[in-house]
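The lines below spell out each chain.
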Amino acid sequence: MEHPYGYIKDKKVFLKGFLNQADRVIGEVKEDEASTLKYFEDRFATIKEKVENLKKDIEENQNKGSFLMKLIHLRDSLMQYDALGDFVPLIEELNKLEIYLEEIIQKNRERNLEIKRGLILEAEDLKDNTDWKETTEEFKNLKLRWIKTGPVEKEFEEEIENAFNKAVDTFFDNRKAFFEEMAVQAEQNIKIYEDLVRQAQQAFNNPDAKKAFEISKKIQKEWKASGKVPAEKRQPLWDEFSKLNNRIFSRFKREMQSGPRLNPREVLLKMESLAEEMKKLAHQDTSPMTVSQARKLQNEWKPLSQTRPRDANLITRNFIYYSEIVFEKSFLNKLALSKNSNFRDLSESEQNKIKSSILRDLIHRDESELKTVKENAENFKSNEPDFEIMLRRKISAFRRKIDVKNFILKELSNKY
């Protein structure tokens, strides 16, 4: 049985040769000749549809060159495809599409070559940069752009790959060498810091506070001039170094402030004397002179209080109490002046009345705050010993503030 593109002979289905190919068997008659021919015609319709779909894909996609290999595989398959139909127009259509795609690919490769040469110039400009962090990011971006840029003609491929990689490798080799050198230097610097910590420990152990302080100043200057090391390695050394130097300074300061050493009895007598002088100032009217004298007494008191005898607690409380009276009087006077522009023009009796009124307001405020603190203490219980100590100190401080103000108020009430 004949067919425009084949025939049946001895129950076998033949496809007529085309494009210099000989006739070839593509199948056998299964049921009858008509249905068999129809089956192979349908297969041709299927392959023809594939060609049409490929043409459509090429038309609709921007990256047309990506379809070239698919086109070549499809065209090669047509030469061996078992179907009945006119394969020549399909092959010719695919040949035209191949030329079209190759022209596009050629243009793309020329454009890719231009882009990659531009990327090489950018890499050349960056390769000797020593801003490691920023330049590393720029090179990452360059490499990403390089990868995203399509291929170039084979004859240029090795040349431009080598040129780009050479610039990239130059930068990263330089960076590696820099950080390796830094690591070596950091290890040397760590030894310097460790030695300075040892010197600080030796100075701290020196019984001569002045000599220890002089060594401390010297090694602190050396620390500042020492090179860089990673923070995680430097910080523990710095913590130990600064702790030792702070202790050296504190000991030196104590010795400088304490002057000649007194025995406990002499310290107690000196503290009693200072407390008595502060008491006298507390009973005087406020003035810049009394405030200045009170500050002087406080400076004399400070070194004594650091080594005060056990039985000096009452003296200490009195000294603090009378000190606060002196400074509270000074504060009250400034407050009265700020609230009354003509305060200095008033009689002493009128001035005392104004200050008494201010004091009553301040006492009322302090008593309200003390009440709030006590109520909060009752509502909020804690098993932490530090919390209880802090709370007692806070309540004691409020009470002392109220006692100080009541002392001044009583004194003023007797003057009008």
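Keep in mind it's a predicted model, so treat the numbers as computed, not measured. (Residues numbered from 1 in each chain as written. Predicted model: local features only at pLDDT ≥ 70, side-chain atom pairs only at ≥ 80, totals over all residues. Heavy atoms only, no water.)

**Describing the pattern of salt bridges**
Next, step 1: Enumeration over the complete set of coordinates arrives at 19 salt bridges.
Next, step 2: Between glutamate 28 and lysine 12 there is a salt bridge whose closest N-O contact spans 3.8 Å. Taken together, the positions of glutamate 28 in strand β4 (residues 24-28) and lysine 12 in strand β3 (residues 12-15) put the pair 16 residues apart, joining distant regions of the chain.
Next, step 3: On the basis of relative accessibility, which here comes to 43%, the residue glutamate 28 falls in the partly exposed class. (Salt bridge = Lys/Arg side-chain N within 4 Å of Asp/Glu carboxyl O. Helix = DSSP H or I, 4+ residues; strand = E, 2+ residues; numbered from the N terminus. Buried < 20%, exposed > 50% of the residue type's maximum accessible area, 1.4 Å probe, protein only.)

**Notes on the packing of helix α1 (residues 33-60) against helix α3 (residues 87-126)**
Next, step 1: For the pair α1 and α3, the least separation of the axes is 11 Å and the interaxial angle reads 20°. With respect to α3, the axis of α1 lies roughly parallel. For α1 against α3, the interelement crossing comes out left-handed. Across the interface between the two elements, Phe44, Ile47, Lys48, Val51, Leu54, Lys55 and Ile58 from α1 touch Phe87, Leu90, Glu93, Leu94, Leu97, Tyr100 and Leu101 from α3.
Next, step 2: Of the residues assigned to the contact of α1 with α3, the class counts are 11 nonpolar, no polar and three charged. (Axes fitted to C-alpha atoms, helices over the stretch in contact; angles between N-to-C directions. Parallel < 35°, antiparallel > 145°, perpendicular 65-115°, else oblique. Left-handed = near helix turned anticlockwise from the far one by under 90°. Contact = heavy atoms within 4.5 Å. Nonpolar A, V, L, I, M, F, W, Y, C, P; charged D, E, K, R; others polar.)

**Some remarks on the packing of helix α5 (residues 154-205) against helix α6 (residues 209-225)**
Next, step 1: Between α5 and α6, the least distance of the axes is 9 Å, while the angle of their chain directions is 170°. With respect to α6, the element α5 is oriented roughly antiparallel. In this structure, α5 uses Tyr193, Leu196, Val197, Gln199, Ala200 and Ala203 to contact α6, whose residues at the interface are Ala212, Ile215, Lys218, Ile219, Glu222 and Trp223.
Next, step 2: A breakdown of the residues in the contact of α5 with α6 according to their chemical character gives nine nonpolar, one polar and two charged.

**A closer look at the UniProt feature "coiled-coil region" (unreviewed entry) in the protein chain**
Next, step 1: UniProt records the feature "coiled-coil region" (unreviewed entry) for residues 37-64 in the present numbering.
Next, step 2: Helix makes up 86% of residues 37-64 and strand 0%, with an end-to-end C-alpha separation of 36 Å. (UniProt positions renumbered as here; feature names shortened; annotations may be inferred.)

**Describing the domain arrangement of the protein chain**
Next, step 1: Taken domain by domain, the protein chain consists of domain 1 (2-86), domain 2 (110-175), domain 3 (181-257), domain 4 (262-333) and domain 5 (340-415).
Next, step 2: When each unit is reduced to the centre of its C-alpha atoms, the spacing between domain 2 and domain 4 is 78 Å. (Domains from an automatic or database assignment.)

**Section: the packing of aromatic side chains**
Next, step 1: The full count for this structure, using the stated rule, is 21 aromatic pairs.
Next, step 2: Between phenylalanine 171 and phenylalanine 172, the aromatic rings sit 5.0 Å apart at their centres with planes inclined by 80°, giving edge-to-face as the arrangement.
Next, step 3: For arginine 43, the ring lying beneath its charged end belongs to tyrosine 81, and the centroid distance is 4.6 Å.
Next, step 4: The ring of phenylalanine 156 has arginine 117 sitting right over it, with the charged end atom 5.3 Å from the ring centre. (Phe/Tyr/Trp six-rings, centres within 6.5 Å; stacked < 30°, edge-to-face > 60°. Lys NZ or Arg CZ within 6 Å of the ring centre and 35° of its normal.)

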